[in-house]
Amino acid sequence: NRKLEWSGISNVDTTFSSKYTLLTTAEVHSLYNFIKSTKGSIVELGRLHGGSTKIILKALENTSRELYSIDITDRPLLAFYPEDKKLYNNLVKITANSITYKPTKIYETIFIDSNHSYQHISKELKNWWNSIYKYFIFHDYRNKTYRSEGVKIIVDYLIKENYLKKISLTDTLYIAEKNNENNLF
């Protein structure tokens, strides 16, 4: 069992979070601390203006680990300040459709915060399931805005059918561990 007692974050600037992400302060802390406790590379589906991207990269700071951030639109990373440029060292920014993009490696963790419809997330999972070996993080679990009911339906199914095991739920940020004994696709 993973120990879920993480130390507080002292080097993450959370003031941008309400402007450039829909993550709550508690979700920012949970995401940062969880990523900090992992060891492998991460893929992020859905980047928008880079709010969660920045949080993940802060957790990867001073490591050789990489974040592969995929979004269908190439937008500027507005969440980043000039002094954040060093965070780009750990970033592989990809402009592509997360459903049709072909993963080229195996990642430890995936953070899913793209289109929240059931159909879209189902297609993302089919595309990415076999390229993730350990952790799945979903944003907007339980949230009824922006068609995000698909997140809850899919996560509940994956937990019920023992494809994933719940690690934590902070507001609408759901973190789970993959059960590699059950192959979904």
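Residues numbered from 1 in each chain as written. Predicted model: local features only at pLDDT ≥ 70, side-chain atom pairs only at ≥ 80, totals over all residues. Heavy atoms only, no water.

**Some points on the nonpolar core**
No. 1: Judged by nonpolar contacts, the single largest core of 27 residues is most densely connected at Val 43, Leu 125, Phe 138 and Leu 158.
No. 2: Taken together, the elements giving at least two residues each to this core come down to strand E1 (42–45), strand E2 (67–71), strand E4 (107–112), helix H4 (118–128), strand E5 (132–139), helix H5 (149–160) and strand E7 (173–178).
No. 3: Here this core gets four residues from one element, more than from any other, and that element is H5.
No. 4: Ignoring sequence-local partners within four residues, the contact set of Phe 138 consists of Ile 112, Leu 125, Val 151, Val 155, Leu 158, Leu 164, Thr 172, Leu 173 and Tyr 174.
No. 5: Judged by nonpolar contacts, the second largest core, of 25 residues, contains Ile 55, Leu 87, Leu 91 and Ile 167. (Core = buried A, V, L, I, M, F, W, Y, C linked by side-chain atoms within 4.5 Å. Buried < 20%, exposed > 50% of the residue type's maximum accessible area, 1.4 Å probe, protein only. Helix = DSSP H or I, 4+ residues; strand = E, 2+ residues; numbered from the N terminus. Contact = heavy atoms within 4.5 Å.)

**A short note on the packing of aromatic side chains**
No. 1: As enumerated under the stated definition, the model contains 10 aromatic pairs in all.
No. 2: Ring geometry for Phe 80 versus Tyr 88: centroids 5.3 Å apart, planes at 20°, classification stacked.
No. 3: Given the relative accessible area of 32%, Tyr 88 is considered partly exposed.
No. 4: Ring geometry for Tyr 107 and Trp 128: centres 5.9 Å apart, planes at 55°, overall tilted. (Phe/Tyr/Trp six-rings, centres within 6.5 Å; stacked < 30°, edge-to-face > 60°.)

**A look at H4**
No. 1: Among all positions in H4, only His 120, Ile 121, Glu 124, Leu 125, Asn 127 and Trp 128 are buried. For H4, the angular spread of buried residues about the axis comes to 165°, placing them on one side. Of the exposed residues in H4, those oriented more than 90 degrees away from the buried face are Gln 119 and Lys 126.
No. 2: Residues of H4 that are buried sit in contact with E1, E2, E4, E5 and H5. (Arc of directions from axis to C-beta.)

**With respect to the side chain of Glu 27**
No. 1: Along the chain, Glu 27 falls in helix H2 (residues 25–37).
No. 2: Within the structure, the side chain of Glu 27 is placed 3.3 Å from the backbone nitrogen of Leu 173, a separation counted as a polar contact.
No. 3: With residues up to four places along the chain from it excluded, the contact list for Glu 27 reads Leu 22, His 139, Thr 170, Asp 171, Thr 172 and Leu 173. (Polar contact = N/O pair within 3.5 Å; in protein donor to acceptor, adjacent residues only side chain to side chain.)

**What about the pattern of salt bridges?**
No. 1: According to the stated counting rule, one finds six salt bridges in the structure shown.
No. 2: Note that Asp 84 and Lys 54 form a salt bridge whose closest N and O atoms lie 3.1 Å from each other. Here the residue Asp 84 occupies a position in the loop between E2 and strand E3 (91–95), and Lys 54 occupies one in helix H3 (residues 51–60), the gap between them amounting to 30 residues.
No. 3: Look at Lys 54 and you get buried, because its relative accessible area is 1%.
No. 4: The salt bridge partner of Asp 71 is Arg 75, with a shortest N-O separation of 3.2 Å. (Salt bridge = Lys/Arg side-chain N within 4 Å of Asp/Glu carboxyl O.)

**Section: the sheet that holds E4**
No. 1: Judged by pairing direction, the sheet is mixed, and its seven strands sit side by side in the order E3-E2-E1-E4-E5-E7-E6 without closing on themselves. Two strands bound the open sheet, and with one partner strand each, they are E3 and strand E6 (164–170). Adjacent strand axes in the sheet meet at a mean angle of 20°, parallel and antiparallel pairs treated alike.
No. 2: Bridge count for E5 against E7 is five bridges, and the pairing is antiparallel. Residue Ile 137 lies in a different strand from E7, and its bridge partner there is Ile 175. (Pairing = 2+ DSSP bridges. Axes fitted to C-alpha atoms, helices over the stretch in contact; angles between N-to-C directions.)

**Overview of the packing of H4 against H5**
No. 1: With their axes 8 Å apart at the nearest point, H4 and H5 run at an angle of 45° to one another. With respect to H5, the axis of H4 lies oblique. When the axes of H4 and H5 are compared, the crossing they make is right-handed. Taking contact as the criterion, the partners of Tyr 118, Ile 121, Ser 122 and Leu 125 in H4 are, on H5, Gly 150, Val 151, Ile 153, Ile 154 and Leu 158. (Parallel < 35°, antiparallel > 145°, perpendicular 65-115°, else oblique. Left-handed = near helix turned anticlockwise from the far one by under 90°.)

**Concerning the packing of H2 against H3**
No. 1: At a closest axis distance of 8 Å, the pairing of H2 and H3 adopts a crossing angle of 40°. You can see that H2 and H3 cross each other, and the crossing is right-handed. For the pair formed by H2 and H3, the contact residues are Val 28, Leu 31, Tyr 32, Ile 35 and Lys 36 on the first element and Ser 52, Ile 55, Ile 56, Lys 58, Ala 59 and Leu 60 on the second.
No. 2: Its residues assigned to classes, the contact of H2 with H3 shows eight nonpolar, one polar and two charged. (Nonpolar A, V, L, I, M, F, W, Y, C, P; charged D, E, K, R; others polar.)

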